[in-house]
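Each chain, letter by letter, is given below.
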Amino acid sequence: MNLARRKVLQLIGLLGAPTAFLLVFFFGPLLIMLVYSFLTPGIYGGVDWVFSHLNYGRILGWADTRYEKFDPVFLSIFLRSLRLAALTVVTSLLVSYPAAFWISRMSPGRRDFAIFLVTLPFFVSLIVRLFAWVLILRPTGFLNQGLMGTGLTSEPIEFLYTDFAVVLGMTYVFIPFMFLPLYGSIEKLDMAQLEASADLGATRIQTFRKVILPATLPGIIGGSIITFIPALGNFIVPSVLGGAKVLMIGNLIEQQFLSARNWPFGSALAMMVMTAVLVLLVVQLRLARRGGA
Amino acid sequence: MPAHLEVVAARKAFRTPEGGVMTALDGISVKLASAEFVTLLGPSGCGKTTLLRCISGFETLDSGDIVIDGSAVTQMPAHRRPVNTVFQRYALFNHMSVARNVGYALEIAGKDKREIRTRVGEMLDLVGLAGLGKRSVSQLSGGQQQRVALARALAGKPKLLLLDEPLSALDKNLRQKMQQELKAIQRELGIGFVFVTHDQEEALTMSDRIAVLAHGRIQQIDAPSVLYQRPANLFTADFLGESNLLPVTLGGTTATLADGQTFATPHPAGRATLLLRPEALGFALPDGPALSFTGRIAETYYSGKDHQITLQTPAHGSIRAVIRAGGQSPEIGADLTLHAPAIGLHLIDEVAG
């Protein structure tokens, strides 16, 4: 058997199983969704095999005039999801960056413990943790009681069921996603480079802009992407902390599939999310290539 | 000549993780003339790197002063000091090209692009890396990275260049080549170099003066030949090169060794130590030897150009000698008499032990 052939067989042996798995259980369903998103919803759920572009029309600006006028509500929910996900990325970055810096300078033993603490929330059910936030944020919750107890406010403030609560909750949930890639690139940062920069005349701010930021950019981009993607499609946090007021696209998709039983419309919404994510990944690849060159 | 760099009574102590206090600099004072190449030499932990870091501004002194060109910089933060450093592991910015690394100080200083490009070109020429400006730092060999680090530190025209064991990561041949180049560059630029190393050969080759440090103090600062031939104390004598240290008793005009041999010396009475470098010993001398040592050859190593002999003597224990090869080869177990001329003898006013 020649070498090239053996290499091919080796590759098939190593990658065959995961490829087959992804084809059947990931790519297959995705294809079904793509097809469904161009079909007509059945009256009692399911689909009728009639081509329709109106699922996308309802979102983007044209509707089936027999039943409804175009309402930009879906588009605004989509835009709100983009905005809240972006805000989540920014806040988790602001929290994680200094923390990662601080932890990376600890002694090895404490460092490992600190990283363990960062991942600790994963050990508790997400629902439980989010309901804990409800207890904190609700009008009679700890936060409002504290504020009123210290006399800072006289009336309870509406924290729950606001954008604020959703971004707070998602930041809380996704901080480990942001932290770990950030930590990876910050930990590799050579402290001697910071001294070299100061030695060559740079102030702390200049050193941050010219040395620290570029050197940790891969971590920032990586962390932002893997925070943004699940935040965009998230439906658990907005349904617990956002209620009916702060609906995100994830909630909408969930409703279309589970309550409204309008699978084609739900599929179209899901495709929109996927498009946004793909666009983002392309941008990231471009950035990464430019940074790596 | 006015002092270019002056360190005055510098003190610095660190708290150790175990809770103790480690005195890194115990009252160091040193003056450097401009365009002088001074090496800080000493075993690890002697304070030489701490002194360098205090000069560059990465550490602050507990007390004392650092003066550069007449102005005190003791309280000045690192980025404002007119000194640049070549770091031990180079600390190059690996997300930047070679040219941007070299031009970093100028970029920070806000110089215009054309000026930066010209200066970077000059610097790359100076260190022999012309044409490599566009390369990424990671594409360079260790020796080339070393040169980039040097060019980067020199680009901003510092008044003083600090070098923290810059050659320790290079292999021996490259290191020797870089030693000569560094010395040549220093002469060409005419600025002061403060060079830290624990490699005595390196220090002897390159320096105008060497400061030998131990226990946070300067043991001696002198030209390499003075330091080697006329060390001021036992530490320097022992640290620098190979040495035979023999106790002597002084009696006004003569010194007496343990075996009763005497030689003339103007030292006053008391006890002292005779330094006898291995290469000062040899076979019969035309003018007659000042001292002679007879013993049995206990060990001998042949290194091509010479024999390194350990002679076991009844009165002085083992005495090391280096004999030029070419004559008869010494054999282990044979008896041998070696002689030292008067000029090879140096007395140190200190007693071992």
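Refer to the preceding data block for the structure.
These numbers were taken from a predicted model, which means no experiment stands behind them.

Asks: Looking at this model, I keep getting lost on the overall build of chain B. Mind explaining?
Replies: Looking only at helices and strands, one finds nine helices and 19 strands in chain B. Within chain B, the fraction of its 353 residues that count as buried is 48%. Long-range pairs, those at least 24 residues apart, make up 65% of the contacts in chain B with a sequence separation of at least 6. Of the roughly 16600 Å² of accessible surface on chain B, 50% is carried by carbon and sulfur atoms.

Asks: Mind showing me how you'd approach the packing of helix α5 (residues 142-155) of chain B against helix α6 (residues 172-189) of chain B here?
Replies: How two helices pack is summed up by the angle between their axes together with the distance between the axes. All names here are of chain B. The N-to-C vectors of α5 and α6 enclose an angle of 15°; their axes lie 12 Å apart at closest approach. Taken together, the axes of α5 and α6 are roughly parallel relative to one another. You can see that α5 and α6 cross each other, and the crossing is right-handed. Contacts from Gly 143, Gln 146, Arg 147, Leu 150 and Leu 154 in α5 reach Leu 174, Lys 177, Met 178, Glu 181, Leu 182, Ile 185 and Leu 189 in α6.

Asks: Help me understand the interface of chain B and chain A in this model?
Replies: When the parts of a complex come together, some accessible area is lost, and that lost area is often used as the size of the interface. Contact with chain B, which involves 21 residues of that partner, is made by 18 residues of chain A. Here Arg 53 of chain B ties to Glu 195 of chain A by a salt bridge, and the two come within 2.6 Å at their closest N and O atoms. Viewed at the interface, chain A and chain B are joined by eight residue pairs in polar contact (both at pLDDT 80 or more). Of all the secondary structure elements, the ones that give two or more residues to the side of chain B that touches chain A are α1 (48-56), β6 (83-86), α3 (104-108) and α5 of chain B. The element contributing the most residues to the side of chain B that touches chain A is α3 of chain B, with four residues. Residue composition of the side of chain B that touches chain A, grouped by class: twelve nonpolar, six polar and three charged.

Asks: How should a positive patch on the surface be read in this particular structure?
Replies: All names here are of chain B. Positive charge collects at one region of the surface, where Lys 113, Arg 114, Arg 117 and Lys 134 lie side by side. Along the chain, Lys 113 turns up in helix α4 (residues 113-126). Look at Lys 113 and you get exposed, because its relative accessible area is 70%.

Asks: Sorry, what's going on with the pairing of strand β12 (residues 254-257) of chain B here?
Replies: Within a regular beta strand, the side chains point alternately toward one face of the sheet and then the other, so they alternate between its two faces. Residue and element names in this part refer to chain B. Burial along β12 is one-sided: Ala 255 and Leu 257 are buried, and none of Thr 254 and Thr 256, which face the opposite way, are. Relative to β12, strand β11 (residues 244-251) runs antiparallel, the two sharing four bridges. Residue Val 248 lies in a different strand from β12, and its bridge partner there is Leu 257. The antiparallel pairing of β11 with β12 creates a hairpin that spans two residues between the two strands, and Gly 252 there sits at a positive phi of about 80°. As defined by bridge partners, β12 adjoins strand β13 (residues 262-264) across three bridges and the pair is classed as antiparallel.

Asks: Looking at this structure, how should I read the sheet that holds β11 of chain B?
Replies: Strand pairing within a sheet occurs via backbone hydrogen bonds; the two strands may be parallel or antiparallel. Residue and element names in this part refer to chain B. Here five strands make up an open sheet; going across it, the order is β13-β12-β11-β14-β19 and the pairing antiparallel. Edge positions in the sheet fall to β13 and β19 (345-348), since each of these pairs with one other strand and no more. The average undirected angle you get between the axes of adjacent strands in this sheet is 35°.

Asks: How should the packing of helix α3 (residues 73-104) of chain A against helix α7 (residues 163-187) of chain A be read in this particular structure?
Replies: Residues and elements named next belong to chain A. Where α3 meets α7, the closest approach of the two axes is 6 Å, and the angle between their N-to-C directions is 45°. Relative to α7, the element α3 is oriented oblique. Here the hand of the crossing between α3 and α7 comes out right-handed. Its residues assigned to classes, the contact of α3 with α7 shows 21 nonpolar, six polar and four charged.

Asks: I would appreciate a short explanation of the side chain of Gln 261 of chain B in the present structure.
Replies: Mapped onto the elements of the fold, Gln 261 of chain B is located in the loop between β12 and β13. Reaching out from Gln 261 of chain B, the side chain makes a polar contact with the backbone oxygen of Ser 292 of chain B at a distance of 2.5 Å.

About the cut-offs
- Residues numbered from 1 in each chain as written.
- Chains lettered and ligands numbered in written order.
- Predicted model: local features only at pLDDT ≥ 70, side-chain atom pairs only at ≥ 80, totals over all residues.
- Heavy atoms only, no water.
- Helix = DSSP H or I, 4+ residues; strand = E, 2+ residues; numbered from the N terminus.
- Buried < 20%, exposed > 50% of the residue type's maximum accessible area, 1.4 Å probe, protein only.
- Contact = heavy atoms within 4.5 Å.
- Areas by Shrake-Rupley, 256 points an atom, 1.4 Å probe, with all protein chains shown as cover.
- Axes fitted to C-alpha atoms, helices over the stretch in contact; angles between N-to-C directions.
- Parallel < 35°, antiparallel > 145°, perpendicular 65-115°, else oblique.
- Left-handed = near helix turned anticlockwise from the far one by under 90°.
- Salt bridge = Lys/Arg side-chain N within 4 Å of Asp/Glu carboxyl O.
- Polar contact = N/O pair within 3.5 Å; in protein donor to acceptor, adjacent residues only side chain to side chain.
- Nonpolar A, V, L, I, M, F, W, Y, C, P; charged D, E, K, R; others polar.
- Patch = residues over 30% accessible without salt bridge, like charges linked within 9 Å, V, L, I, M, F, W, Y side chains within 5 Å.
- Lys, Arg positive; Asp, Glu negative; His and termini not counted.
- Charge placed at Lys NZ, Arg CZ, Asp CG, Glu CD.
- Pairing = 2+ DSSP bridges.

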